[in-house]
Amino acid sequence: MKANYFSGKNVLVTGGLGFIGSNICHKLVPLGAEVMIYDACLDPYGWNFANIKEIKGKVRFIKGDTRDAKALAKAVKGADIVFDCASQISHSISVEKPLLDIEINCVGALNVLEAVRNSGTDPVLVYAGTRGQIGQMKYCPIDESHPTDPVDMNGINKLAAEKYCLLYHKLYGLKATSVRINNAYGERCQVRHADYGIVNYFIRLAIEGKDLPVYGDGAQKRDYLHISDITDAMLIASEKKEAIGEYFMLGSGEGVSFIDMCNLILSKTGGKSRLRMVPWEKGRKAIEIWDFIVSHEKISKCLGWSQKTGIEEGINRTVAFYRERRSEYF
Ligand SMILES: NC(=O)c1ccc[n+]([C@@H]2O[C@H](COP(=O)([O-])OP(=O)(O)OC[C@H]3O[C@@H](n4cnc5c(N)ncnc54)[C@H](O)[C@@H]3O)[C@@H](O)[C@H]2O)c1
């Protein structure tokens, strides 16, 4: 990252009270950016004012919904950079309430694009994409040429939103880019329920001395990435012209089985918590993607991103965070 790039820049972060958005804000504030958060505080998502406690008074906050095109357009006016992190993120809710998912993830995302297009300041837009856009892994590691065949509504609607971003770049020259985030964990993720952010949720259970329920044999391999590496990627994508009009897979490139991840959590929390193997729930199994390992070659080569936080360090940091802040998150 260039040292002075963000200094004095007006940056809008939609969904900025949530996990990814608030951590982006934490990176931007020390770099001198003027940060505005636009968040609708919707449940059961990860908004939490504790997420911005340390930067309170250094960021501005507007309570607003991306489905409210008028309010959004007002918030985007004057922005130099927009990070779009507002989302209905739950895979199971997307199946139960497909129209809600379309409203937030498609209509909301289009409202962001229209607001950016009409803002008059030609801001860079970084879209928070997801591994869910891919579906199940057909070859390993997954790169940007991998077919997209989502297993739930969320993946379909997020894929559509990313395509809108790239189309707006082609049609209107909008400076849009998408980073497809994959198995994020780390400080400031919601841990109130297990619907998403399972690594963080299991850290909570382990800290509380409760058993970790593992579906099936837990052998599926995932590519876990600590939040600080994700926010690095998002910031780099916002400053590099090579990112414009492109989309990037983001991951560590290394597969770790879910059961190994659980054992690592247990070893770092050291309480009386144990693994409990349980049969798959039907609904969960239907939208499971099994092994998922990502190539970071494109984002590394094009933008110079590299992973800095390994899994042991990442889990240590996350455990320490929730131990200290349990009253704000549990
Ligand atoms: N956390 C992950 O593992 C992960 C993985 C892949 C992609 N992503 C993507 O990153 C983005 C952020 O996810 P997160 O993990 O920070 O989720 P989160 O639930 O922690 O935060 C989402 C935030 O968006 C807000 N929000 C939801 N709908 C809104 C709307 N219509 N208008 C304004 N605000 C709204 C919520 O109030 C919440 O604060 C999402 O686009 C998600 O698809 C996350």
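Fair warning: this is a prediction, and the values are worked out from it, not measured in the lab. (Residues numbered from 1 in each chain as written. Predicted model: local features only at pLDDT ≥ 70, side-chain atom pairs only at ≥ 80, totals over all residues.)

### Points about the overall build of the protein chain
Rule in force here: Counting from the N terminus, the helices are DSSP H or I runs at least four residues long and the strands are E runs at least two residues long. Computation of the radius of gyration draws on C-alpha atoms alone. For the globule rule, the value is 2.2 Å times the number of residues to the power 0.38. Buried, partly exposed and exposed are defined by the number of other C-beta atoms within 10 Å of a residue's own C-beta, namely 20 or more, between the two limits, and 12 or fewer respectively, with C-beta atoms placed from the backbone.
On a plain count of helices and strands, the protein chain comes out with 12 helices and 13 strands. Computed over C-alpha atoms, the radius of gyration of the protein chain comes to 19 Å, within 12% of the 20 Å expected from 2.2 N^0.38 for 330 residues, which places it in the range of a compact globule. With respect to the three principal axes, the spread of C-alpha positions in the protein chain is 55 × 45 × 40 Å. Residue burial in the protein chain is summarised as follows: out of 330 residues, 47% are buried.

### Structural notes on the sheet that holds strand 1 (residues 10-14)
Here is the rule we go by: When DSSP finds two or more bridges between a pair of strands, those strands are recorded as paired. Note on geometry: axes are C-alpha line fits, over the in-contact stretch for helices, and angles between N-to-C directions span 0 to 180 degrees. Whether two residues are in contact is decided by their C-beta atoms, placed from the backbone, lying within 7 Å.
Strand order in the open sheet made by the 7 strands is 3-2-1-4-5-6-11, with parallel pairing throughout. Edge strands, defined here as strands with exactly one partner in the open sheet, are strand 3 (59-63) and strand 11 (247-249). The average angle at which neighbouring strand axes cross in this sheet is 20°, direction not considered. With 3 bridges connecting them, strand 6 (residues 175-181) and strand 11 associate as parallel partners. By the bridge assignment, Val 179 is partnered in strand 11 with Phe 248. Across the sheet, helix 2 (residues 69-76) is in contact with strand 1, strand 2 (34-39), strand 3 and strand 4 (81-84); its angle to strand 2 comes to roughly 170°. Set on the sheet, helix 5 (residues 153-172) makes contact with strand 5 (124-130), strand 6 and strand 11; between it and strand 5 the angle comes to about 155°.

### Topic: the site of the ligand
Filter applied, for reference: The criterion for a residue being near a molecule or strand is a backbone-placed C-beta atom within 6 Å of that molecule or strand. Only Asp, Glu, Lys and Arg are considered charged in this grouping, and only Ala, Val, Leu, Ile, Met, Phe, Trp, Tyr, Cys and Pro are considered nonpolar; every other residue, Gly among them, is considered polar.
Near the ligand you find 32 residues, and of these Gly 15, Gly 18, Gly 46, Trp 47 and Ser 87 are the closest. Within the residue set of the shell around the ligand, elements represented by two or more residues are helix 1 (19-28), helix 4 (98-117) and strand 5. It is helix 1 that contributes the most residues to the shell around the ligand, 3 residues altogether. When grouped by side-chain class, the residues that make up the shell around the ligand number 15 nonpolar, 12 polar and 5 charged.

### Topic: helix 6 (residues 198-207)
By the criterion of burial, helix 6 is predominantly enclosed, with 7 of the 10 residues buried. Those residues of helix 6 hidden inside the fold are in contact with strand 7 (184-185), strand 8 (212-215), helix 8 (258-269), helix 11 (311-324) and helix 12 (326-329).

### A word on the packing of helix 6 against helix 8
Applicable threshold: For classification purposes, an angle smaller than 35 degrees is called roughly parallel, one larger than 145 roughly antiparallel, one from 65 to 115 roughly perpendicular, and anything else oblique. Helix crossings get a hand from a simple test, with the near helix turned counterclockwise from the far one by less than a right angle marking a left-handed crossing and a clockwise turn marking a right-handed one.
Between helix 6 and helix 8, the shortest axis-to-axis distance is 10 Å and the interhelical angle comes to 40°. With respect to each other, helix 6 and helix 8 are oriented oblique. Crossing handedness for the pair helix 6 and helix 8: right-handed. Residues Val 199, Phe 202, Ile 203, Ala 206 and Ile 207 of helix 6 form the contact with helix 8, whose participating residues are Met 261, Cys 262, Ile 265, Leu 266 and Thr 269. Counted by class, the contact of helix 6 with helix 8 contains 9 nonpolar, 1 polar and no charged residues.

### Thoughts on the UniProt feature "domain: NAD-dependent epimerase/dehydratase" (unreviewed entry) in the protein chain
Just so we agree on the cut-off: UniProt positions are given in the numbering used here, feature names are shortened, and annotations may be inferred rather than shown by experiment.
The UniProt feature table records "domain: NAD-dependent epimerase/dehydratase" (unreviewed entry) at residues 11-244. Between the end C-alpha atoms of residues 11-244 there is a gap of 17 Å, over a span that is 37% helix and 18% strand.

### Topic: the environment of Phe 19
Topologically, Phe 19 is positioned in helix 1. Exposure remark for Phe 19: the 27 C-beta atoms within 10 Å place this residue in the buried category. For the pair Phe 19 and Leu 303, spaced 284 residues apart in the sequence, the C-alpha separation amounts to 23 Å.

### Examining helix 2
Heads up, the rule is: This arc corresponds to the set of directions leading from the helix axis out to the C-beta atoms.
Looking only at helix 2, the buried set comprises Leu 72, Ala 75 and Val 76. Along the axis of helix 2, the buried residues cluster in a sector spanning 95°; they form a single face. Buried residues along helix 2 sit in contact with strand 1, strand 2, strand 3, strand 4 and helix 4. In the stretch just after helix 2, Gly 78 is the one whose phi turns positive, near 90°.

### Topic: the packing of helix 6 against helix 11
Across the interface, helix 6 lies against helix 11 with an axial gap of 10 Å and an inter-helix angle of 60°. Taken together, the axis directions place helix 6 and helix 11 in an arrangement best described as oblique. Considering the relative orientation of helix 6 and helix 11, their crossing is right-handed. Residues Asn 200, Ile 203, Arg 204 and Ile 207 of helix 6 form the contact with helix 11, whose own contacting residues are Thr 318, Val 319, Tyr 322 and Arg 323. The residue inventory of the contact of helix 6 with helix 11, partitioned by class, reads 4 nonpolar, 2 polar and 2 charged.

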